[in-house]
Amino acid sequence: MNSNYVPLYRKYRPQAIEQIVGQEHIKKALANAIQMDRISHAYLFTGPRGTGKTSTARIFAKSLNCESGPTVTPCNSCENCKNITNSIPIDVIEIDAASNRSVNDADEIIQKVALAPVQSRYKIYIIDEVHMLTNQAFNALLKTLEEPPKNVIFILATTEVHKVLDTIKSRCQRFDFKRITTDDISNHLRYISDCENINITDDALSYIAQNSAGGMRDSIALLDQLSVLNSEKEAISVDDINSLLGRLSFDSLTELFKAIAQSDQNKSLEILNNIYNQGNEPVQILSNFLEYLRNALILKSVGANVSNVVVQLNNSQAQILSTSLQDVETHQLVSLIEKCSSYIKELKLTANPKLWLDVAILDMSNLTENTKLEDLHRRLSALESGDGVKFVNPSPYNTPPSPVKKPEIMKPIKAEIKQDVPVVVSQSVAAPTEEEVLSESVPMSKSAPPNALKATWVKLLESVSSFPSRAILKQQAVPVKLSADEVIITIKNPSWLKQFAQDGSKHSCIVDAANIVFGSVKKVIVRAPESGDDAIRKEFAGSDDDDKPALATSKTFKPKTQEINKEDVVEAIQIRDEVEYETSDGNNTAEDVSAQQSVKKYGKADAAYHTDDVNMVMDLFEGKFIE
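Residues numbered from 1 in each chain as written. Predicted model: local features only at pLDDT ≥ 70, side-chain atom pairs only at ≥ 80, totals over all residues. Heavy atoms only, no water.

(A) Expanded view of the nonpolar core. Within the largest apolar cluster, 36 residues are counted, with the highest numbers of intra-cluster contacts made by Phe-257, Leu-286, Phe-289, Leu-299, Leu-321 and Met-364. The element that contributes the greatest number of residues to this core is helix H14 (residues 282-302), accounting for 8 residues. (Core = buried A, V, L, I, M, F, W, Y, C linked by side-chain atoms within 4.5 Å. Buried < 20%, exposed > 50% of the residue type's maximum accessible area, 1.4 Å probe, protein only. Helix = DSSP H or I, 4+ residues; strand = E, 2+ residues; numbered from the N terminus.)

Put into structure tokens, the structure is as follows:
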């Protein structure tokens with residue numbers, strides 16, 4: 001063993017503030033603090049691993065305790081600088097909180113804090129992974145951290161700042177270290193490679209930087225590992241990195257992806273077995289393929305002009321992948337990503353990973369049929385939710401288009417109540433005129449009703465958002481005056497009047513509907529009928545028959561079904577129950593009133609056979625039973 005060998009990540013650790021790669025905002029802040037002599041008693045360095053937190057803490061301590069300092073450029077030759085570089089704990093003490101996390105360790109720090117520095121200006125405590133301290137240890141340090149003795153500085157470093165107590169964070173100056181960019185890592189790796197005479201391609205350095213998650217230490221450690229492959233004749237390439245790390249090459253992943261995209265299951269299994277026999281683990285295979293699919297999705301969505309840093313591919317690889325994506329749709333890539341991610345979870349739990357690996361590849365290789373089934377499932381879901389007419393088919397496959405919705409002539413309403421048998425209530429609507437029947441190519445619209453009050457009332461009812469309220473108003477209410485200045489509606493039934501009066505819970509729906517029709521209404525009045533309203537009510541009632549066109553006999557019209565929301569039926573039942581409760585104080589009970597109305601409207605047999613809820617639905621929606 002060579003005792004003089006020093007790993008590259010230690011050999012090229014920065015020794016001055018200007019040598020720190022990236023983190024420009026932190027370098028500037030610390031340099032200004034030193035130059036302006038505005039040194040705080042506590043600092044909190046947080047960020048991902050390998051971004052320079054501990055190295056920056058040492059450099060900052062060295063700048064403060066250098067014999068020629070405080071200075072932004074420590075000499076690195078005085079005794080204090082050497083002690084800090086060699087981690088000799090005289091006046092700069094480094095503590096690993098992961099192994100010194102108890103309250104006793106905190107008490108030991110507190111006892112030594114009171115001692116003056118031995119040979120430096122400051123006694124500096126660098127506590128690494130400070131989030132590992134227990135709450136008791138944090139609380140023990142709290143007072144000392146807030147008001148430490150003169151010339152004592154605490155530098156806390158952590159990768160998980162959310163685990164640090166807020167009382168600790170509030171007493172420190174916080175510096176957030178960002179992930180180092182791929183370009184900065186690549187440039188620094190090239191500098192190290194040239195210094196160490198490592199023959200490696202720029203693509204390989206970029207590949208290392210892209211797979212280091214923004215950490216400089218991991219990148220330099222991987223370069224150090226690859227340096228054993230150094231050769232003057234042939235430079236270290238991306239394939240060498242994949243072979244050393246057990247990663248799949250881009251060519252292998254592309255070959256597998258093409259077979260899956262063509263739904264060639266036999267070829268996909270053949271390629272998979274070749275990859276597996278090279279010593280690649282099932283989880284590693286799917287994980288690498290998942291990264292490949294991620295790059296494919298970005299290229300498909302953004303285009304070939306996307307930055308190489310984003311897709312982690314060089315120009316030639318991006319061009320090859322873009323060509324492979326010509327016959328693949330975006331939703332198919334999303335489907336593959338979802339399946340691949342799901343099978344990775346299964347592989348981590350199963351006792352037979354090779355079996356699940358084969359299943360995963362076979363499932364993903366059935367791409368065409370899978371996407372057809374997923375598309376069918378989306379269409380069925382849309383139809384079940386009632387949005388089938390508006391659904392747009394995104395699939396590239398030859399699926400039939402949605403049928404054109406023809407004008408409705410009969411509007412039956414289907415109401416299903418789980419407590420009773422399904423009831424189909426058919427609401428009759430006036431049939432079209434003979435001219436409309438004979439016009440098969442272009443349907444003709446009906447002319448406006450001759451009664452202006454009736455026409456305005458119809459528009460107002462259509463603007464009522466609540467379906468049960470609209471049905472109740474259609475049956476119980478009679479308009480007296482409908483204008484932008486004043487809307488007057490009469491309701492004879494006292495119970496319904498109470499619901500829709502100005503203080504009632506349903507009054508707002510009339511106001512909202514009137515504002516929709518007239519833009520803005522000054523006054524909305526819902527009252528009981530008065531003597532002067534008789535003529536208006538008779539005229540309004542007589543207009544219904546005048547508006548109905550003659551029935552056409554040349555063609556038979558079949559009613560279509562229209563679904564009523566369950567919530568509307570439930571709301572109507574709740575309103576009915578409230579009214580029945582209010583009418584129970586009269587001479588007749590609510591049951592008597594309901595029975596009398598049912599017998600009068602449907603006959604004794606129907607009223608006796610059907611439940612009150614069914615009869616109520618029929619009453620509200622003016623329907624009849626279809627046997």
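Back to the write-up after that little detour.
(B) View of the state of the cysteines. As enumerated under the stated definition, the model contains 0 disulfides in all. No disulfide involves Cys-66; its nearest neighbouring cysteine sulfur is the one of Cys-75, lying 3.5 Å away. (Disulfide = S-S within 2.5 Å.)

(C) Up close: the sheet that holds strand S1 (residues 42-46). A sheet is described by the order of its strands in space; here 5 strands give the open sequence S2-S3-S4-S1-S5, paired in parallel fashion. This sheet does not close on itself; its edge strands, each paired only once, are strand S2 (92-96) and strand S5 (173-176). The sheet shows a mean angle of 15 degrees between the axes of neighbouring strands, taken without regard to direction. Bridge analysis of S1 against strand S4 (residues 152-158) gives 5 bridges, and the strand direction is parallel. Residue pairing for S4: Ala-42 is matched across the bridge by Phe-154. In the packing of helix H3 (residues 53-65) onto the sheet, the strands contacted are S1, S2, strand S3 (123-128) and S4, and the crossing angle to S3 comes to about 180 degrees. Sheet strands touched by helix H5 (residues 103-113): S2, S3 and S4. Its angle to S3, the strand with the most contacts, is close to 165 degrees. (Pairing = 2+ DSSP bridges. Axes fitted to C-alpha atoms, helices over the stretch in contact; angles between N-to-C directions. Contact = heavy atoms within 4.5 Å.)

(D) Quick peek at the environment of Ala-360. With respect to the element layout, Ala-360 can be found in helix H18 (residues 353-365). Ala-360 has contacts with Leu-286 and Tyr-343, leaving out every residue within four places of it along the chain.

(E) Molecular detail of the sheet that holds strand S9 (residues 486-491). With mixed pairing, 3 strands are arranged side by side in an open sheet as S8-S9-S10. With partners counted over all chains shown, the strands left at the sheet margins are strand S8 (477-482) and strand S10 (523-527), one partner each. Here the strands of the sheet are splayed against their neighbours by 15 degrees on average, with no regard to which way each runs. Sheet topology note: the S9/S10 ladder contains 5 bridges and is parallel.

(F) A look at the pattern of salt bridges. If you walk through the whole model with that rule in mind, you get 17 salt bridges. Residue Asp-363 is joined to Lys-339 by a salt bridge in which the shortest nitrogen-to-oxygen separation is 3.5 Å. Remark: Lys-339 occurs in helix H17 (residues 330-349) and Asp-363 occurs in helix H18; sequence separation between them is 24 residues. (Salt bridge = Lys/Arg side-chain N within 4 Å of Asp/Glu carboxyl O.)

(G) Spotlight on the packing of aromatic side chains. On inspection of all chains with the given rule, the structure shows 10 aromatic pairs. With centroids separated by 5.4 Å and ring planes inclined at 20 degrees, the aromatic side chains of Tyr-125 and Phe-154 adopt a geometry described as stacked. Note that Tyr-125 is positioned in strand S3 and Phe-154 in strand S4, a separation of 29 residues in sequence. Comparing Tyr-125 with Phe-154 shows no difference in burial state: the two are buried. Where Phe-257 meets Tyr-292, the ring centres are 5.6 Å apart and the plane angle is 55 degrees; that geometry is what we call tilted. With Phe-257 in helix H12 (residues 250-261) and Tyr-292 in helix H14, this residue pair connects regions lying 35 residues apart in the sequence. By relative accessible area, which is 4% here, Tyr-292 ends up buried. Grouped by ring-pair contacts, the aromatic residues Tyr-43, Phe-45, Phe-60, Phe-175 and Phe-177 constitute a single cluster. (Phe/Tyr/Trp six-rings, centres within 6.5 Å; stacked < 30°, edge-to-face > 60°.)

(H) Quick peek at the packing of helix H8 (residues 182-196) against helix H10 (residues 216-226). Direction vectors running N to C along H8 and H10 enclose 40 degrees, while the axes themselves pass 11 Å from each other. In this structure, H8 crosses over H10, and the sense of that crossing is right-handed. In contact with Asp-184, Ile-185, His-188, Leu-189, Ile-192 and Ser-193 of H8, H10 contributes Met-216, Ser-219, Ile-220 and Leu-223. Its residues placed into classes, the contact of H8 with H10 shows 6 nonpolar, 3 polar and 1 charged. (Left-handed = near helix turned anticlockwise from the far one by under 90°. Nonpolar A, V, L, I, M, F, W, Y, C, P; charged D, E, K, R; others polar.)

Function cannot be inferred from these measures alone, as they are strictly geometric.
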